[in-house]
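# A structural walkthrough
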Amino acid sequence: MTVPAPAVGRPVAAPARPSSVTPTDVAFIRSLVHESAALVLEPGKEYLVESRLAPVARDAGYPSISHMVAALRGTPYGRTHHAIVQAMTTNETSWFRDRHPFDALVTTVVPELMARRAAERRLTIWSAACSTGQEPYSVAMLLLDTFPQLASWNLTILASDLAEDAVAQGRAGRYSQLEVNRGMPADMLVRHFQRDGAHWVVADGIRRMVRFGVVNLIGPWPEMASPDIVMLRNVMIYFDHATKQRLLGRIRERMRPDGYLFLGNAETTLNVDDGFVRIEPTRAGLYRLRSAIQGQGT
């Protein structure tokens, strides 16, 4: 049979590649990641299941994702379940991401807190979804460069994330040239990093300022000093409304009464938790407790 030639100038569409996951596979994964980490896998994101879990299935010895899911059904939560949840987390980050929060730290938040904490000389910052560590290290470099007097304070930067591999990289402080190119100012790179072959390693002085740990935000939290600043940026967008309410409620109870909360540009406490009030600069995603604002009479 002769196949007609395609019209001139019209590309021939490649045949669609059949998906290796079924709707029931996706439903299982969706339920697993929601129950384990409160992550919401929206419809239309099935491609993420295929791209992220194919290596997990291969490493676990299964010929396909469907075979892996079939083997896990009805079995207790174990190593492979955990690997699936880890793989489905999103570790998108960069240095000084969305610059406005870092500007607010320098111009408003840290100067105000230093004035209030002058007697105790203690400051605790929690980067609560730190990914591979760019955010907490960005904060550490910025504070050291801008407020050298903090070197004599009890300054603690806590960095946590659900993904164990991401936390391990952050703790090592080792980044590729491609990772460094994403937002790192050249002068800070020279000042706070050391070259190690094709990679850059955070200087020891900066690494000692940051304490890393694996924390599932919907699970138990480790013992920690009540943070003065909580940076919870670009993580609530993956949660449903009820999870956002629970999370903000726990943060409200844990942070210092006059502390600050940073959220991502696409996130808000509005209609979620009225215990927080958004304050200027608005582009920084900066919030304080309503009780603190009312206590100041503003």
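That block above? That's the structure.
Residues numbered from 1 in each chain as written. Predicted model: local features only at pLDDT ≥ 70, side-chain atom pairs only at ≥ 80, totals over all residues. Heavy atoms only, no water.

### Some details on the sheet that holds strand β8 (residues 260-263)
Convention followed: Two strands make a pair as long as DSSP finds a minimum of two bridges between them. The helix and strand labels rest on DSSP assignments: H or I over at least four residues marks a helix, E over at least two residues marks a strand, and numbering proceeds from the N terminus. The angle between two axes is taken between their N-to-C directions and runs from 0 to 180 degrees, where each axis is a line fitted to C-alpha atoms and a helix contributes only its stretch in contact. Every residue pair with non-hydrogen atoms within 4.5 Å of one another is taken to be in contact.
Taking strand neighbours across the sheet as the criterion, the seven strands line up as β6-β2-β1-β7-β8-β10-β9 in an open arrangement whose pairing is mixed. This sheet does not close on itself; its edge strands, each paired only once, are β6 (210-214) and β9 (276-278). Recorded for the sheet is a direction-independent mean angle of 20 degrees between the axes of neighbouring strands. The pairing of strand β2 (residues 154-161) with β6 spans five bridges and is parallel. Each residue of the ladder has a partner; that of Asp161, found in β6, is Val214. Relative to the sheet, helix α5 (residues 100-116) contacts β1 (122-127), β7 (229-232), β8 and β10 (286-289), its axis offset from that of β8 by approximately 170 degrees.

### Digging into the environment of Arg121
Under the convention used in this document: When a residue's accessible area, from a 1.4 Å probe over protein chains only, is under 20% of the maximum for its type it is buried; when over 50% it is exposed; and in between it is partly exposed. In protein, a polar contact means a hydrogen-donor-capable atom and an acceptor-capable atom, both N or O and within 3.5 Å, with residues adjacent in sequence counting only if both atoms are side-chain atoms; elsewhere, any N or O pair within 3.5 Å suffices.
The residue Arg121 is located in the loop between α5 and β1 in this model. Residue classification places Arg121 among the partly exposed residues on the basis of a relative accessible area of 34%. Among the polar contacts listed, one links the side chain of Arg121 to the side chain of Ser152, at a separation of 2.5 Å.

### A look at α5
An α-helix turns once per 3.6 residues; consequently, residues spaced three or four apart project the same way. Basically, it comes down to this: Multiplying one less than the number of residues by 1.5 Å gives the expected span of a helix. Bend, in this description, refers to the angle at a residue between axes fitted to the seven residues ending there and the seven starting there.
With 17 residues, α5 extends 23 Å from end C-alpha to end C-alpha; this agrees with the ideal 24 Å at 1.5 Å per step. The axis of α5 is deflected most strongly, by about 45 degrees, at Val106. Pro101, Phe102, Ala104, Leu105, Thr108, Val109, Val110, Leu113 and Met114 are the residues of α5 that are buried.

### Some thoughts on the packing of aromatic side chains
Applied cut-off: Side-chain rings of Phe, Tyr and Trp, where Trp is taken by its six-membered ring, are said to pair if the distance between their centres is within 6.5 Å; with planes under 30 degrees apart they count as stacked, over 60 as edge-to-face, and otherwise as tilted. Throughout this description, the term charge over a ring refers to an Arg CZ or Lys NZ atom that lies within 6 Å of the ring centre and within 35 degrees of the ring normal.
Inspection of every chain in the model, using the stated rule, returns six aromatic pairs. Ring geometry for Phe96 versus Phe102: centroids 5.2 Å apart, planes at 65 degrees, classification edge-to-face. Taken as a pair, Phe96 and Phe102 share a single burial class, namely buried. Against the face of Trp221 rests Arg250, its NZ or CZ located 4.1 Å from the ring centre.

Interpretation in functional terms is not warranted from these geometric data alone.
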